[in-house]
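Each chain is listed here by its residues.
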Amino acid sequence: MNKNDFDEKAMKVFAKFFTNMNTCEILDISENITDDSNKALKILLEGLVQSKCSLRELNISNNKSINCEGTVELLQQLMTDNLQLKVLNISNLGMNKVNCDKMITFLTGNFKK
């Protein structure tokens, strides 16, 4: 599902689809959200958290809107809920300093050996 231009309305439909799924192991939703003010990434992450899918691979790279309020926290929740997640591509999201600090704190606090 990469390289589409999902707006919030389209992502709500897509996220609802995930809430009804029991399995989804690999998801590539890269390069879909081109507007920083668009809350589509947050909407997608909400759907994935609610779905309880067993994700092994997730690619949300090259999307905008990671800095919308609450989006990073949803990503963290998804990572916490999906301990079987082995591949996570969050490159080129344009994460601001505040959210980078949140992610570093989360990763070092939850995934250190």
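First things first, this report covers the structure right here in the doc.

Comments concerning the overall build of the chain
Move 1: Helices and strands together make up the secondary structure of the chain, namely four helices and three strands.
Move 2: Helices and strands appear in the chain in the N-to-C order α-β-α-β-α-β-α.
Move 3: On C-alpha atoms alone, the chain measures out to a radius of gyration of 13 Å, which is about the 13 Å that the 2.2 N^0.38 rule sets for 113 residues.
Move 4: Considering only C-alpha atoms, the chain reaches an extent of 40 × 30 × 20 Å along its principal axes.
Move 5: Expressed as a percentage of the 113 residues in the chain, the buried residues total 41%.
Move 6: In the chain, of all internal contacts separated by at least 6 residues, the share reaching a separation of at least 24 is 85%.
Move 7: Carbon together with sulfur atoms contributes 52% to the accessible area of the chain, which is approximately 6,500 Å² in total.
Move 8: For the chain, the separation between the mean place of its 14 positive charges and that of its 14 negative charges on side chains is 5 Å.

Some remarks on the pattern of salt bridges
Pairing of side chains with opposite charge becomes possible as their charged atoms draw close.
Move 1: All chains considered together, the criterion is met by three salt bridges.
Move 2: A salt bridge links Glu25 to Arg56, with the nearest nitrogen and oxygen atoms 3.0 Å apart. Of the two residues, Glu25 sits in the loop between α1 (8-19) and β1 (26-28) while Arg56 sits in the loop between α2 (40-51) and β2 (57-59), which places them 31 residues apart along the sequence.
Move 3: Judged by relative accessible area, which is 41%, Glu25 ranks as partly exposed.
Move 4: Judged by its relative accessible area of 34%, Arg56 is partly exposed.

Parameters at a glance
Residues numbered from 1 in each chain as written. Predicted model: local features only at pLDDT ≥ 70, side-chain atom pairs only at ≥ 80, totals over all residues. Heavy atoms only, no water. Helix = DSSP H or I, 4+ residues; strand = E, 2+ residues; numbered from the N terminus. Rg over C-alpha atoms; globule rule 2.2 N^0.38 Å. Buried < 20%, exposed > 50% of the residue type's maximum accessible area, 1.4 Å probe, protein only. Contact = heavy atoms within 4.5 Å. Areas by Shrake-Rupley, 256 points an atom, 1.4 Å probe, with all protein chains shown as cover. Lys, Arg positive; Asp, Glu negative; His and termini not counted. Charge placed at Lys NZ, Arg CZ, Asp CG, Glu CD. Salt bridge = Lys/Arg side-chain N within 4 Å of Asp/Glu carboxyl O.

Scope: geometric values only; no functional claims are made or implied.
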